[in-house]
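Examination of the molecular architecture
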Amino acid sequence: MICPICNNADSIKFIDNYKLHIEYDKEFFKNLKIYSCSSCDFSFCHPMPDRKLIDNFYSNIYRSSGRPHQIFDFSLNELLYSGRNKNYIQYLTTFLNINKLETVFDFGSGTGDLGFLLSKLNKKINLYCEESDNFSKKILTSRGYTNLIDSKEKISTDLIISLHTLEHLSDITVFEKLKDIAKPESYIFLEVPNCEFDGKFIDRPYDSPHLLFFTKKSFERIAQKYGFEVIDIALNGMSVNDLFFDMRESKKRFYKWRPNQFSLKLYLKELIRFFTPNFIMKVYKSYNAKASNLNDYRLNVNDAWCVRAIFKVHK
Ligand SMILES: [Zn+2]
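Residues numbered from 1 in each chain as written. Predicted model: local features only at pLDDT ≥ 70, side-chain atom pairs only at ≥ 80, totals over all residues. Heavy atoms only, no water.

**Section: the sheet that holds strand E5 (residues 126-130)**
Within a sheet, neighbouring strands are paired by backbone hydrogen bonds and run either parallel or antiparallel to one another. An order of E6-E5-E4-E7-E8-E11-E10 is seen for the seven strands of this open sheet, with the pairing classed as mixed. Among the strands making up the open sheet, the edge pair consists of strand E6 (145-147) and strand E10 (228-236). On average, each strand axis in the sheet is tilted by 20° relative to the strand beside it, whichever way the strands run. Here strand E7 (residues 157-163) runs beside strand E8 (residues 182-193); their pairing, made up of six bridges, is parallel. (Pairing = 2+ DSSP bridges. Helix = DSSP H or I, 4+ residues; strand = E, 2+ residues; numbered from the N terminus. Axes fitted to C-alpha atoms, helices over the stretch in contact; angles between N-to-C directions.)

**What to know about the sheet that holds strand E1 (residues 12-17)**
Taking strand neighbours across the sheet as the criterion, the four strands line up as E1-E2-E3-E9 in an open arrangement whose pairing is antiparallel. Each edge of the sheet is formed by a strand with only one pairing partner; in this case those strands are E1 and strand E9 (212-213). Here strand E3 (residues 42-46) pairs with E9 via two bridges, running antiparallel. Its bridge partner being in E9, Phe 44 is matched across the sheet by Leu 212.

**Things to note about the side chain of Glu 167**
With respect to the helices, strands and loops of the structure, Glu 167 is situated in the loop between E7 and helix H7 (174-181). One buried charged residue, Glu 167, remains without a salt bridge, the closest side chain of opposite sign being Arg 84 at 8.2 Å. Here His 164 takes part through its side chain, which lies 3.5 Å from a polar atom of the side chain of Glu 167. Contacts of Glu 167, omitting those with residues within four sequence positions, involve Glu 191, Val 192, Pro 193, His 210, Leu 211, Leu 212 and Phe 214. (Buried < 20%, exposed > 50% of the residue type's maximum accessible area, 1.4 Å probe, protein only. Lys, Arg positive; Asp, Glu negative; His and termini not counted. Salt bridge = Lys/Arg side-chain N within 4 Å of Asp/Glu carboxyl O. Polar contact = N/O pair within 3.5 Å; in protein donor to acceptor, adjacent residues only side chain to side chain. Contact = heavy atoms within 4.5 Å.)

Spelled out as structure tokens, the structure:
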């Protein structure tokens, strides 16, 4: 076994057995173990699950009914204008000029919130994405995205976005592809969970469905490997303790999920949120510390659950 970043075998050590969020997902993520490269501070599963099995998981299971990542049509707008998305825009505009962008590509876009918001700020932007989830595909089309999974168009882009996607992949070869479609002097904006297994992260309640585990240092090593210039790397988001609290709650709620099981409770909760005026939600959230922490803008703090980076691609 070698490290996918530095190709070294001596620096690899066993970390822990893989932990499941949802018992049913054992079908897809069985008998995995987590290893880490001490030189790159990068961790990964071994053996990796079969690619076809994982593709099937993301096309049909990941966002299906009653699961944590199900998205309801009526909450799309609330999600679009969430504190998290506003924060992405603030962060991006600190480092690059949105008015100069002509093409934005979102790899593993989900519903493509950030690109869609950027295209509202600059109408010249052409949106491209790569996303295989069937629910997200419909939304992406309505938001003006061309999905390269279906179109096979060859593009060259000014900005690549990939938010909370890389950790779902089984290798890092995607960086070759991203470098390929990046225009000279273009930017890559990445965000993933910050997984410091030699620190607090070792006590995480679950791993699935993540397969790769990044840190600040591993982002620096990746930039080195692929010849990207680091514009910024920052830890951000709520504290790891608050994250673990949310993860434990989620595991309690979803661990026994089974397919085709409609959750009336979850649906009603979303419906109530939709019909509740914003000012009441704000009061509710101020009483519910954990819910508000998710939207907190904490940047460059040591104890944060995410790591983000902006790379510049020179060719
Ligand atoms: Zn390494």
